[in-house]
Amino acid sequence: MNVPLLQTTGVSKTYRMPDHLARLVLDRIDFELRDGEIVAILGKSGSGKSTFLRILAGLVPPSEGVVEYRRLGVSEPVRGISMVFQTYALFPWLTVLGNVELGLEAQGSSAAERRRRAVNAIDLIGLDGFESAYPKELSGGMRQRVGFARALVVDPDILLLDEPFSQLDVLTAETLRGDLLDLWDSRRIPTKGIVIVSHNIEEAVEIADRILIFNNDPGRIRAQIPITLPRPRSSDGAGFRQIVDQVYTLLTTEPGRDGRRGAKPEPLGIGHRLPDASVQQLSGLVDTLTEGPYHGRADLPQLADEENLVMDELFPLIETLQLLGFAHVSGGDIELTPPGRAYAQADMLARKQIFADALLTHVPLAAHIRRILDERPGHRAPAARFLRELEDYLSEEEAQRVLDTVIDWGRHAEIFAYDYDTEVLSLENF
Amino acid sequence: MEQRWGLPLIAWPSRLRPNYWDIVALPMVLGAIALLAWGGMAMSAHYQVGQALLISLDPWRLPEYALRTVLRMVCALVASLLFSLAYAALAAKNRQAEKILIPVLDILQSVPILGFLSITVTGFIALFPGRLLGVECAAIFAIFTSQAWNMTFSVYQSLRTVPTELIEAARMYHLSPWRRFWRLEVPHAIPSLVWNMMMSVSGGWFFVVASEAITVAGQTIMLPGVGSYIATAISQRDLGAIGYAVLVMFVVILLYDQLLFRPLLAWSRKFLTDPAGEEDNVRPWFLIVLQRARLFHLIQAGVLELNRFIDDALSALARRRRAPRVERRPRPELERMFDIALLGLAASAAAWIASFICATVELSEIGWVFLLGLATAARVFVLIGIASLIWVPIGVGIGLRPRLADRAQPIVQFLAAFPANLFFPAAVVLVLRFRLNPEIWLSPLMILGTQWYILFNVIVGTTALPMELRRVAQNLGVKRTLWWRRVILPAIFPAYVTGAVTAAGGSWNASIVSEAVQWGDTTLIATGIGAYIARTTAEGDSARIALGISVLCLYVLFFNRLLWHRLYDLAAERLRLD
């Protein structure tokens, strides 16, 4: 059995934007899923991990490269590969049974056969008694169980999971994850391989045999971490913590300067993808870091755990603190810098001043906007002007998000003002 | 056991066995089928243009006439439904088609509905020589035009907004395009389609009544129906007969409301992707009958089975020729060329209409028609203003009292459905009796039927105002003028705009029948474009009909772009409550 279940060779994806340059989302990805393996894909938002999963599923065609399922090319969804979606993707007008049967409908099996298999899948995933319920009657956890039942009813070889637990609360997610692992470990499902896209590092370490870490801009495989710990894995074990630390380190440092302190970062351009962090959260995090038990230095996994922050929430904040020069990260630890400590000690007005200085020094886009406004005679400029500039570097959606972020920061720092109705940036009231 | 019905049914056969509810359901269904068959036969009766169709004012003939009217409505509704699904599917799935279909739809929407009648009736008569069916078709087509466009827009919008993950799920589980359409896209479209359909039908009663008595080139053709009954009563100055007609129409609308409108709306809620709260969970009695009676499960199972059969046949066909999917690269030059060709086509069409009109109509008359349009526009705006001044405070008052709002809602919907033209004779009698100026006093007729949309939407907008905001306003001591200005008016603005747009559109349409009204041989005329179209239609002057309708269209489009769209955007951008 040396033939990989699923294999990609040199898969790239570029999105062509109207009137703009092509944007590379995934860059030459070579990947294989072997028999009996669970692979988790981790990466920050924008790393193209979801797109990659959809290419594996045959939902999105790659721009270059090939996807093969048991040596057969995948250019559209194929029998044998099932997918579970982040927001469940259940048909609200079908009952649980109807939703699960839908997976079988196109296979052309008889109605009696469909009913039998659907009921089996529903029993397997622990939904018995809810066959005639509509999705809207169910809680999130139960809905995702329907999602799993629908995926499993076709006896798939490969299960693709797109952040399947991210919409669920911690306890529900843990239960469902445990149930899935039980089915997998006890071989009660015929599935031979699972690929899961995740935003939760501990989840990935808990279930995967191998973790793939994706880079941002464009998405590339940064590192692969095999995990050989026996299951069930306790998140308190030393081996477990070590791997979690390793993943954090990989995700919080730029490639090429892993953990080297004081390394000169390459200068950022105005098109830098600013992380999605609000000032409120930033100052909250700085306060938390200053107080005990951290006193200015924290282990990231521990911080995430105790402050109950998932990767998607924590990483943008950390990135912003690094960007502003308030903190630096190495070896999975975060430490406040002198400016960061000064910010922490300051009162509200002084904080604004420190934040403004940091913004103008370290965030080229903010400095750029301020300079343009200073130069213009009326000290006013339409936001659309900057949006167009950003669109040279970023997708339309991302450009808008980045502009919104910098406007939020700039307003807080009072380095410029913004009028929502006219969509004009100005230096009014300063 | 399963074979008892002669159909291969497997799913829960016990659900398909008859029960007591069927005792209610079966006679109703069989009765409806029999009535439809009888009416359909009557429709294709022999007829020559010029032959007088006598309408009897005997009240006992009214149920029969009402049935014929309802039948026209049903035909138009079925046609609209099929049209909207096909047209919207084409527009949503084919980019080239979309570029033509959507602007065309936008323009069709602004053509006055009775204008379609004027244009198409001769063609339809020619289509079925010697039969009444041609005239029937023209009337049905007019009703169709009052329903189809907004239904189509709603389906198109829904098809464009099917959640991506649901589409992906459908693809992952290999649903064929046909099955995806019926299992995913149509169900997703149902809530908004049903809502728009019911709004259309409510508006349609007005046009069904107006389109039954058609005057073509000096000939008045009267289709048996409530509308013709009214027209006859008007020409014979019989107020009593008009009273009977109002009574019968009242019963018809009541039945429509109870048997169709409410059950359908409640049923359509099942298809909401994101049901907003469960507060509105009253199930209409007729829906309960339908859902409990086994007969309907049988029909449902049959339809599903039929759909499956079609799908299997189609996918067997499709399997033979399936090309591998490749990433399609956009071809900007080709699209540019396509756009230019489209523009050229549109320009030549416009030039053709212009030359057709200019060949017979003098330039000064064209100018005059534009002025007439202005007069009607002034009427529409003044009336919307007056109706707003009356109904906004009342609507807010009702909306602030949830219990009252619950009870008022169905009544207002009922009023909106009731064809206001049944009351026109009464208004004319009053104008004549008190020797009022028709230029002013005919105007209110335009908004008689459409004002309810303002009231209805204001009530909805007010009930949507979160209790918290009301409490905050109370807490801050915001009262009277300040409360109206800062709290309630901004809060209801989006809903109000929707209501006002609908009311204004309806009033433009109504102008054709309300600016020129008759009582016996007296005709009252208010100066305006509606009266102009009514007169030229009666004379059968096609160039002038085209002129009148084009100008009316231009006005409606102009005001839509200039005013309503902007207000919509403002409402959507600034004053949303979320």
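Residue numbers restart at each chain and count upward from 1, following the sequence in its written direction. Key to labels: chains lettered from A, ligands numbered from 1, both in the order written. Two thresholds apply to this predicted model, a pLDDT of at least 70 for residue-level local features and 80 or more for giving and counting side-chain atom pairs, whereas whole-chain, interface and lining totals are computed over all residues.

Trainee: Looking at this structure, how should I read the overall build of chain A?
Mentor: If you tally the helices and strands in chain A, you get 15 helices and 16 strands. Buried residues are those with 20 or more other C-beta atoms within 10 Å of their own C-beta, exposed residues have 12 or fewer, and partly exposed residues lie in between; C-beta atoms are placed from the backbone. Split into buried and exposed, the 430 residues of chain A put 38% on the buried side. At a minimum sequence separation of 6, the contacts of chain A that also span at least 24 residues come to 69%. By the criteria applied, helices consist of DSSP H or I runs no shorter than four residues and strands consist of E runs no shorter than two, each listed in order from the N terminus. Whether two residues are in contact is decided by their C-beta atoms, placed from the backbone, lying within 7 Å.

Trainee: How should I be thinking about the overall build of chain B in this particular structure?
Mentor: Each helix and strand counted, chain B has 22 helices and four strands in total. Counting the 578 residues in chain B, one finds 38% classified as buried. Long-range contacts, defined here as pairs at least 24 residues apart, represent 80% of the contacts in chain B between residues at least 6 apart.

Trainee: Please explain the confidence of the model for chain A as it appears in this structure.
Mentor: Where the model shows low pLDDT, its predicted coordinates should not be examined in detail. On a scale of 0 to 100, pLDDT captures the predictor's confidence in every residue. In this model, chain A carries a mean pLDDT of 87, and residues with pLDDT of at least 70 account for 95%. The low-confidence segment residues 257-264 of chain A, where pLDDT is below 50, has seven contacts with residues more than four positions distant or belonging to other chains.

Trainee: Even after reading the chapter, I still don't get helix H21 (residues 529-539) of chain B, so can you show me in this structure?
Mentor: Think of an α-helix as turning once every 3.6 residues; residues three or four places apart then point the same way. Residues and elements named next belong to chain B. Counted residue by residue, H21 has eight buried out of eleven residues, so it is predominantly covered. Along H21, the residues that are buried comprise Ile529, Gly530, Ala531, Tyr532, Ile533, Ala534, Thr536 and Thr537. Gly540, located one to two residues past H21, shows a positive phi value of around 70 degrees.

Trainee: It is not clear to me how the sheet that holds strand E13 (residues 333-336) of chain A should be interpreted in this structure. Could you clarify?
Mentor: Sheets are built from strands that pair by backbone hydrogen bonding, the pairs being arranged parallel or antiparallel. Residue and element names in this part refer to chain A. By definition, two strands form a pair when at least two bridges between them are found by DSSP. Spatially, the three strands line up as an open sheet ordered E11-E13-E12, and their pairing is antiparallel. On the outer flanks of this sheet lie strand E11 (297-299) and strand E12 (327-330), each paired with one strand and no other. This sheet shows a mean twist of 20 degrees between the axes of neighbouring strands, independent of strand direction. Bridge count between E11 and E13: three bridges; the pairing is antiparallel. What sits directly across from Asp299, in E13, is Asp333. Each of E12 and E13 touches helix H10 (residues 311-323); the most contacted strand, E12, lies at about 120 degrees to it. Note on geometry: axes are C-alpha line fits, over the in-contact stretch for helices, and angles between N-to-C directions span 0 to 180 degrees.

Trainee: How should the packing of helix H3 (residues 95-110) of chain B against helix H5 (residues 133-160) of chain B be read in this particular structure?
Mentor: Relative placement of two packed helices is described by the angle separating their axes and the distance separating the axes. Residues and elements named next belong to chain B. Where H3 contacts H5, the axes come no closer than 9 Å and their chain directions differ by 145 degrees. Judged by the twist between their axes, the crossing of H3 over H5 is left-handed. Contacts from Leu105, Leu108 and Gln109 of H3 reach H5 at Trp149, Thr152 and Phe153. Polar here means any residue other than Ala, Val, Leu, Ile, Met, Phe, Trp, Tyr, Cys and Pro, which are nonpolar, and Asp, Glu, Lys and Arg, which are charged; Gly is therefore polar. Grouping the constituent residues of the contact of H3 with H5 by class yields four nonpolar, two polar and no charged. Definitions for this section: a left-handed crossing has its near helix turned counterclockwise from the far helix by less than a right angle. A right-handed crossing has that turn clockwise.

Trainee: Where do I start with the interface of chain A and chain B in this structure?
Mentor: Residue-level contacts link 22 residues of chain A with 24 residues of chain B. Breaking the side of chain A that touches chain B down by element, the ones donating at least two residues are strand E6 (81-84), helix H2 (96-105) and helix H3 (111-124) of chain A. Each residue belonging to the side of chain A that touches chain B can be placed in one class, and the counts come to 14 nonpolar, five polar and three charged.

Trainee: Got a minute to help me understand the environment of Thr273(B) in this structure?
Mentor: All names here are of chain B. Mapped onto the elements of the fold, Thr273 is located in the loop between helix H9 (239-268) and helix H10 (285-292). On the basis of neighbour count, Thr273 is assigned to the partly exposed category, with 17 C-beta atoms found within 10 Å. Here the alpha-carbon distance between Thr273 and Ile190, two residues 83 residues apart in the chain, equals 11 Å.

Trainee: Help me out: how do you make sense of helix H13 (residues 364-375) of chain A in this one?
Mentor: Residue and element names in this part refer to chain A. Between the first and last C-alpha of H13 there are 16 Å, a value that for twelve residues agrees with the 16 Å anticipated at 1.5 Å per step. Where H13 is concerned, the buried positions are Leu365, Ala366, Ile369 and Leu373. Projected down its long axis, H13 carries its buried residues within an arc of 105 degrees, all on one side. Residues of H13 that are exposed and angled more than 90 degrees away from the buried face: Arg371, Asp374 and Glu375. The secondary structure elements touched by the buried residues of H13 are helix H12 (348-362), strand E14 (380-382), helix H14 (383-391), helix H15 (396-413) and strand E16 (424-426). To estimate how far a helix should reach, multiply one less than its number of residues by 1.5 Å. Picture the helix axis, draw a direction to every C-beta atom, and the arc is the one those directions span.

Trainee: What's the story with the domain arrangement of chain A in this structure? I'm lost.
Mentor: Size of an interface: often given as the accessible area lost when the parts come together. All names here are of chain A. Segmentation of the chain into domains, including their bounds, is taken from an automatic or database domain assignment. Assigned domains within chain A: domain 1 (6-252) and domain 2 (279-344). The distance between the C-alpha centroids of domain 1 and domain 2 comes to 31 Å. When residues of the side of domain 1 that touches domain 2 are assigned to their parent elements, the largest contribution, six residues, is made by helix H7 (residues 238-252). Partitioned by chemical class, the residues of the side of domain 1 that touches domain 2 number four nonpolar, five polar and two charged.

Trainee: What am I meant to see in the sheet that holds strand E10 (residues 221-226) of chain A here?
Mentor: Residue and element names in this part refer to chain A. If you trace the six strands from one edge of the open sheet to the other, you get E6-E7-E8-E3-E9-E10, paired in mixed fashion. The two strands at the open ends of the sheet, each matched to only one other strand, are E6 and E10. Across the sheet, the axes of successive neighbouring strands diverge by a mean angle of 15 degrees, strand direction being ignored. Strand direction decides the pairing type here: strand E3 (residues 37-42) and strand E9 (residues 210-214), joined by four bridges, are parallel. Bridge assignment links Leu42 to a residue of E9, and that residue is Ile213. Seen against the sheet, helix H4 (residues 140-152) touches E6 and strand E7 (158-162) and runs at an angle of roughly 175 degrees to E6.

Trainee: Where do I start with the packing of helix H8 (residues 279-290) of chain A against helix H11 (residues 338-345) of chain A in this structure?
Mentor: All names here are of chain A. Look at H8 against H11: their axes get within 10 Å of each other, and the N-to-C directions meet at 100 degrees. By the angle class used here, H8 and H11 are roughly perpendicular. Across from Val286, Asp287 and Thr290 in H8, the residues of H11 making contact are Gly340, Tyr343 and Ala344. Orientation is classified from the angle alone, with under 35 degrees giving roughly parallel, over 145 giving roughly antiparallel, 65 to 115 giving roughly perpendicular, and any other angle giving oblique.

Trainee: In this structure, what is going on with the domain arrangement of chain B? I would like to understand it.
Mentor: Residue and element names in this part refer to chain B. What the domain assignment lists for chain B is domain 1 (49-250) and domain 2 (354-578). Distance from the C-alpha centre of domain 1 to the C-alpha centre of domain 2: 21 Å. Facing the 27 residues of domain 1 at the interface are 29 residues of domain 2. Counting only elements with at least two residues in the side of domain 1 that touches domain 2, the list comes to H3, helix H4 (113-127), helix H7 (177-212), strand E1 (213-216), helix H8 (226-235) and H9. Top contributing element to the side of domain 1 that touches domain 2 by residue count: H7, with six residues.

Trainee: Just to check I follow, could you spell out the confidence of the model for chain B for this structure?
Mentor: Residues and elements named next belong to chain B. Mean pLDDT over chain B: 81, with 86% of residues reaching 70 or higher. pLDDT under 50 marks residues 1-13. Its contacts with residues more than four places away, or in other chains, come to 15 contacts. In the predicted assembly, ipTM is 0.84 and pTM is 0.82.

Trainee: When you look at unusual backbone geometry in this model, what are you seeing that I'm missing?
Mentor: Residues apart from glycine generally show negative phi values, whereas peptide bonds are mostly found in trans. Residues and elements named next belong to chain A. Cis geometry marks the peptide bond from Arg231 to Pro232; its omega dihedral reads -5 degrees. Its location among the elements puts Pro232 in the loop between E10 and H7. The backbone phi angle of Arg28 is positive, close to 40 degrees, even though this residue is not glycine. Tracing the backbone shows Arg28 in strand E2 (residues 22-33). Of note in the backbone geometry, Glu163 takes a positive phi value of approximately 40 degrees without being a glycine.

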